[in-house]
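Letter by letter, the chains look like this.
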Amino acid sequence: MMLSRPIPKALLPHTILLKTPRPEGAFFNGEHDEITIYNVRVEQNEKVRQSKSGENRTRGAKMYYDCVNSAPLNVDFKSEQLVIFCGVTYKIEAVKAVMAANKIHHYRIDIL
């Protein structure tokens, strides 16, 4: 059986702030619960599309959360959450669990 190693902490140099909207009817409705997540990797990108009306620039990123070395553990990522990285606010678009040896190795999260 092939064992997979966690993503090394040296490759997870970033810290982000994750904001989760409070449910409808909750006390302090409209606010967000915030959690700081350490040891993640954020790779920013910018797409430029040419159209008849001009350029359209889209800024996004991919975030990697390791199930061993990222902290805190067992974070539940959802599409309505916001990610703040380097002063830029992104919205989670997609969450993909990457499997290794029949368990989740890390999450790849698309943020725009």
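What counts as what
Residues numbered from 1 in each chain as written. Predicted model: local features only at pLDDT ≥ 70, side-chain atom pairs only at ≥ 80, totals over all residues. Heavy atoms only, no water. Helix = DSSP H or I, 4+ residues; strand = E, 2+ residues; numbered from the N terminus. Buried < 20%, exposed > 50% of the residue type's maximum accessible area, 1.4 Å probe, protein only. Contact = heavy atoms within 4.5 Å. Areas by Shrake-Rupley, 256 points an atom, 1.4 Å probe, with all protein chains shown as cover. Lys, Arg positive; Asp, Glu negative; His and termini not counted. Charge placed at Lys NZ, Arg CZ, Asp CG, Glu CD. Polar contact = N/O pair within 3.5 Å; in protein donor to acceptor, adjacent residues only side chain to side chain. Phe/Tyr/Trp six-rings, centres within 6.5 Å; stacked < 30°, edge-to-face > 60°. Salt bridge = Lys/Arg side-chain N within 4 Å of Asp/Glu carboxyl O. Pairing = 2+ DSSP bridges. Axes fitted to C-alpha atoms, helices over the stretch in contact; angles between N-to-C directions.

**Regarding the overall build of the chain**
Right, on to step 1. A count of helices and strands for the chain gives 0 helices and 6 strands.
Right, on to step 2. In sequence order, the chain lays out its α and β elements as β-β-β-β-β-β.
Right, on to step 3. Considered along the principal axes of its C-alpha atoms, the chain spans approximately 55 × 45 × 25 Å.
Right, on to step 4. Going through the 112 residues of the chain one by one, you find that 25% of them count as buried.
Right, on to step 5. Taking contacts inside the chain between residues at least 6 apart in sequence as the whole, the part at least 24 apart equals 49%.
Right, on to step 6. Within the structure as shown, the chain displays about 7,700 Å² of accessible surface, and the carbon and sulfur contribution to it stands at 51%.
Right, on to step 7. If the 16 positive side-chain charges of the chain are averaged to one point and the 12 negative ones to another, these points end up 8 Å apart.

**Here's the deal with the side chain of His106**
Right, on to step 1. On the secondary structure map, His106 appears in strand S6 (residues 103-111).
Right, on to step 2. The class for His106 is buried, based on a relative accessible area of 14%.
Right, on to step 3. In terms of polar contacts, His106 uses its side chain to reach the side chain of His105, at 2.8 Å.

**Describing the packing of aromatic side chains**
Right, on to step 1. Within this structure, the stated rule accounts for 3 aromatic pairs.
Right, on to step 2. With a centroid separation of 6.2 Å and 45° between ring planes, the pair formed by Tyr65 and Tyr107 is classed as tilted. Remark: Tyr107 occurs in strand S6 and Tyr65 occurs in strand S3 (residues 54-66); sequence separation between them is 42 residues. Across the pair, exposure class does not vary: Tyr65 and Tyr107 are buried alike.
Right, on to step 3. Each member of the aromatic cluster is reached from another via a ring pair, and the members are Tyr65, Phe77 and Tyr107.

**Thoughts on the pattern of salt bridges**
Right, on to step 1. For the structure on display, the rule yields 5 salt bridges.
Right, on to step 2. Residues Lys62 and Asp110 are paired through a salt bridge, measuring 2.8 Å at the closest nitrogen-oxygen approach. Of this pair, Lys62 sits in strand S3 while Asp110 sits in strand S6, placing them 48 residues apart in sequence.
Right, on to step 3. A relative accessible area of 29% means that Lys62 is categorised as partly exposed.
Right, on to step 4. A salt bridge links Asp76 to Lys78; its shortest N-O distance comes to 3.6 Å.
Right, on to step 5. Given the relative accessible area of 48%, Asp76 is considered partly exposed.
Right, on to step 6. Look at Lys78 and you get partly exposed, because its relative accessible area is 38%.

**Details of the sheet that holds S6**
Right, on to step 1. Taken in spatial order, the 6 strands line up as S1-S2-S3-S6-S5-S4 and close into a barrel, and their pairing is antiparallel. Within this sheet the neighbouring strands show an average axis-to-axis angle of 45°, counted without direction.
Right, on to step 2. When strand S2 (residues 32-51) meets S3, the two strands line up antiparallel, connected through 12 bridges. Paired with Arg41 across the strands is Tyr64, a residue of S3.

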